[in-house]
Amino acid sequence: MDGLVQFLDYSGFSNITPGHLLMILVGMLFIYLAIRFEYQPILLVPIGFGILIGNTPFIEHGGMALGIYEDGSVMNYLYQGVLKGVFPPLIFLGIGAMTDFSPLISNPKLILLGAAAQLGIFMTYIGAISLGFTNPEAASIGIIGGADGPTAIYLSSRLAPHLVGSIAIAAYTYMALVPLIQPPIMRLLTTQKERRIKMKPPRSVTRMEKVMFPVFALLLTGFISPGSLPLLGMLFLGNLLKESMVTKRLADTARNAMIDIVTIILGVTIGASTQATTFLTRSSVLIFILGATAFMFSTAGGILFARFMNLFLREGNKINPLIGAAGVAAVPESARVAQIEGLKADPTNHLIMHAMAPNVAGVIGSAVAAGIMMSFLL
Amino acid sequence: MAVTGYSVVFLSLFLLALLFSVIPKVLSWNIRRTFDDEGDEAKKALAGNMIPGEVSAAISVAISLYLNELHDQDTAILTIKKVGKSYTPWNSKIYNVINFKGFQR
């Protein structure tokens, strides 16, 4: 009889709290959004399921070593890849092996839009400080505005490890919701005439330029912001594997099997880290609010800077400001949003190739910003 | 810190943009110099102008179609395959049910 009582004590039914139920609903919502609307399913399915794993109630520190925050548990070992910042550079290697920098090389002035769209990072940093967060915490929250999950996880694991779960969930949630967040801001900050601007087709880029880009870009950004080396080093290595054309096998592995494995483990552990007992706090709520603000500021920063650049550009060379919104890194979702909004204004205007330039520049920009923050705050 | 940080992000990406505005010119300068040595003014003038990506794509498609449609040589290999049923115990007359003695009676 005692055994049965003990068994019931250990079961989920006797350990459940309203927080667990809430988080289980959140996990189910993530899975629903991913499957029903295909919002970033590659991320939201593992994260959503991880939330279910992390919020199935059990007796914490009951000797079974089950929870992600319990030393010696399997989930804790997997979570070390997040806490020690191992997974983000591996993901960047895969992203580099997938990314074509040609649109950016063919029209280098669009790189500046990727810089302008980092506005949200620094505005949110100021906002977080004013809400009482410490400097490292505020920087980790601000980086959500870079719209780059791996960068957000990397920086927060270095500066504020206790906030990694909340920041990662906020970053990935807003990245998935880019098609809902960005369009109203894009329409608000541009005129119908501007949305119809047709840009010159990008020129073709030689193989030499494509090979030179990762090498020179790494040296340049690495010298300015060494803190970003783990991320940008792997990003540009992946890209060189792709563009050199002599390491096809390595590039294939990096952009397929490897990134898939890391994404699954990263997604599940990030999801599981939202254990209701440690996740549902006032700071998590504030992080979600600040994260949304960061996304909005970043989108606005890119669009407004594109309009500013147009003041100095000749007719025929003007930039469609919609592609400024793609300067937030969320690759390729924000570029797709620019394309869709462009088509709404003029069904013959295809912006996707142009939007990819600020989009990939945004990845570089957010990693540089993370490096700068690390050098200031560590 | 926010202002400094944002400025440094801008500076690093501005330098990257500047570098990759210059590199194509340097690369095409080398080509132009080659044409200069050859004395071909028409080619030299073209070398500085960047070809739009869609023009390259159209040329590539045209070349690909042209090369794939070339059919001036036959390989002289007959492609008609002999259709024959290979032997298996399942189609053997020896093991056919007709040969079953009890059935013949």
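Remember, it's a predicted structure, so these values are computed and weren't measured experimentally.

Thresholds, definitions, all that
Residues numbered from 1 in each chain as written. Chains lettered and ligands numbered in written order. Predicted model: local features only at pLDDT ≥ 70, side-chain atom pairs only at ≥ 80, totals over all residues. Heavy atoms only, no water. Helix = DSSP H or I, 4+ residues; strand = E, 2+ residues; numbered from the N terminus. Rg over C-alpha atoms; globule rule 2.2 N^0.38 Å. Buried < 20%, exposed > 50% of the residue type's maximum accessible area, 1.4 Å probe, protein only. Contact = heavy atoms within 4.5 Å. Areas by Shrake-Rupley, 256 points an atom, 1.4 Å probe, with all protein chains shown as cover. Lys, Arg positive; Asp, Glu negative; His and termini not counted. Charge placed at Lys NZ, Arg CZ, Asp CG, Glu CD. Salt bridge = Lys/Arg side-chain N within 4 Å of Asp/Glu carboxyl O. Buried area = accessible area lost by both parts, 1.4 Å probe. Polar contact = N/O pair within 3.5 Å; in protein donor to acceptor, adjacent residues only side chain to side chain. Nonpolar A, V, L, I, M, F, W, Y, C, P; charged D, E, K, R; others polar. Core = buried A, V, L, I, M, F, W, Y, C linked by side-chain atoms within 4.5 Å. Expected span 1.5 Å × (residues − 1). Arc of directions from axis to C-beta. Phe/Tyr/Trp six-rings, centres within 6.5 Å; stacked < 30°, edge-to-face > 60°. 1 Å grid on protein atoms, 1.4 Å probe; cavity = no way out; pocket = protein on both sides within 12 Å on 5 of 7 lines; lining within 4 Å. Points joined across faces, edges and corners; volume = space filled by probe spheres on them. pLDDT = per-residue confidence, 0-100.

## Some details on the overall build of chain A
Summing up its helical and strand segments, chain A has 21 helices and zero strands in all. Its C-alpha atoms give chain A a radius of gyration of 21 Å, near enough to 21 Å, the size a compact globule of 378 residues would have. With respect to the principal axes defined by its C-alpha atoms, chain A has extents near 85 × 45 × 40 Å. Scored against the burial criterion, the 378 residues of chain A give a buried share of 58%. At a minimum sequence separation of 6, the contacts of chain A that also span at least 24 residues come to 77%. On chain A, roughly 15500 Å² of surface is accessible, and the fraction owed to carbon and sulfur atoms is 70%. Counting 23 positive and 18 negative side-chain charges, chain A places the centres of these two groups 16 Å from one another.

## Considering the pattern of salt bridges
Residues and elements named next belong to chain A. Inspection of the entire model under this criterion finds nine salt bridges over all chains. The salt bridge partner of Lys242 is Glu243, with a shortest N-O separation of 2.8 Å. Overall, Lys242 belongs to the partly exposed group, its relative accessible area being 22%. The salt bridge partner of Asp252 is Arg255, with a shortest N-O separation of 2.7 Å. One end of the pair is Asp252 and the other is Arg255, both in helix 17 (residues 248-272) and three residues apart, which spans about a single turn.

## Some points on the environment of Ala168(A)
All names here are of chain A. Relative to the helices and strands, Ala168 resides in helix 12 (residues 164-176). Exposure remark for Ala168: the relative accessible area of 1% places this residue in the buried category. Distance from Ala168 to Ser204, taken between C-alpha atoms, is 37 Å for residues 36 residues apart in sequence. Dropping the residues within four chain positions of it, Ala168 is found in contact with Ile153 and Ile270.

## A short note on the interface of chain B and chain A
Counting residues at the interface gives 26 residues for chain B and 35 residues for chain A. Taken together, both faces of the contact between chain B and chain A bury some 2700 Å²; the carbon and sulfur share is 86%. When the buried surface of chain B facing chain A is broken down by residue, Met1(B), Leu13(B) and Phe20(B) rank first, second and third, together holding 26% of it. Put simply, chain B and chain A have zero salt bridges between them. Taken together, the connections running from chain B to chain A amount to one residue pair in polar contact (both at pLDDT 80 or more). Counting residues per element, the ones that place at least two in the side of chain B that touches chain A are helix 1 (2-38) and helix 3 (53-69) of chain B. A total of 19 residues in the side of chain B that touches chain A trace back to one element, the largest contributor, which is helix 1 of chain B. Tallied by class, residues from the side of chain B that touches chain A come to 19 nonpolar, six polar and one charged.

## What to know about the nonpolar core
By size, the foremost hydrophobic cluster in this structure holds 121 residues, and its most contacted members are Phe101(A), Ile144(A), Phe213(A) and Ile364(A). For this core, the leading source of residues is helix 21 (residues 352-377) of chain A, giving 14 residues. In this structure, Phe213(A) is in contact with Phe101(A), Leu104(A), Ile105(A), Leu218(A), Phe236(A), Ile364(A), Leu16(B) and Phe20(B), ignoring residues within four places of it in sequence.

## Comments concerning unusual backbone geometry
Residues and elements named next belong to chain A. Cis rather than trans, the peptide bond between Val331 and Pro332 has omega equal to -10°. Locating Pro332 in the fold gives a position in the loop between helix 19 (282-310) and helix 20 (333-345). Residue Gln40 is not a glycine yet carries a positive backbone phi of 40°. One can find Gln40 in the loop between helix 3 (18-36) and helix 4 (41-54). Positive phi values are uncommon outside glycine, yet Ala147 reaches one of about 55°. The residue Ala147 is located in the loop between helix 10 (135-142) and helix 11 (149-159) in this model.

## Some remarks on helix 3 of chain A
Two residues of an α-helix separated by three or four positions point the same way, owing to the 3.6 residues in each turn. Residue and element names in this part refer to chain A. The end-to-end C-alpha separation of helix 3 is 26 Å, in line with the 27 Å expected for 19 residues at 1.5 Å each. Every buried residue belonging to helix 3 is among Gly19, His20, Met23, Gly27, Phe30, Ile31, Leu33 and Ala34, and all of these are buried. Along the axis of helix 3, the buried residues cluster in a sector spanning 160°; they form a single face. Turned more than 90 degrees away from the buried face of helix 3, the exposed residues are Pro18, Leu25, Ile35 and Arg36. Where helix 3 is buried, its residues touch helix 2 (12-15), helix 4, helix 12 and helix 18 (276-279). In the segment just after helix 3, Glu38 is the residue with positive phi, at about 55°.

## Describing the packing of aromatic side chains
Counted under the stated rule, the structure contains 14 aromatic pairs over all chains. Measuring from centroid to centroid gives 5.7 Å for Phe122(A) and Tyr6(B), while their planes differ by 45°, and the two rings are tilted. Separated into two different chains, Phe122(A) in helix 9 (residues 119-130) and Tyr6(B) in helix 1 make up a pair that spans both. Comparing Phe122(A) with Tyr6(B) shows no difference in burial state: the two are buried. Cluster of aromatic residues (ring-pair linked, three or more members): Phe122(A), Phe305(A), Phe308(A), Phe312(A), Tyr6(B) and Phe10(B).

## Quick look at the layout of surface pockets
Residue and element names in this part refer to chain A. In this structure, the largest pocket spans a volume of roughly 850 Å³. In terms of lining residues, the largest pocket is bounded by 33 residues, among which Gln40, Ile95, Met98, Val331 and Pro332 are the most central. Going through the elements one at a time, helix 4, helix 6 (87-98), helix 11, helix 12, helix 17, helix 20 and helix 21 are the ones with two or more residues in the lining of the largest pocket. The greatest single-element share of the lining of the largest pocket, amounting to four residues, is contributed by helix 21. Along the lines of polarity and charge, the residues of the lining of the largest pocket split into 23 nonpolar, four polar and six charged.

## Comments concerning the side chain of Thr263(A)
Along the polypeptide, Thr263(A) turns up in helix 17. Once residues lying within four places of it in the same chain are set aside, the contact partners of Thr263(A) are Ile42(A), Leu43(A) and Ile91(A).

## Thoughts on the confidence of the model for chain B
Per-residue confidence for chain B gives a mean pLDDT of 75; residues scoring 70 or more make up 65%. Per-residue pLDDT, averaged within each element of chain B, yields its smallest value for helix 4 (residues 101-104) of chain B (56) and its largest for helix 1 of chain B (85).

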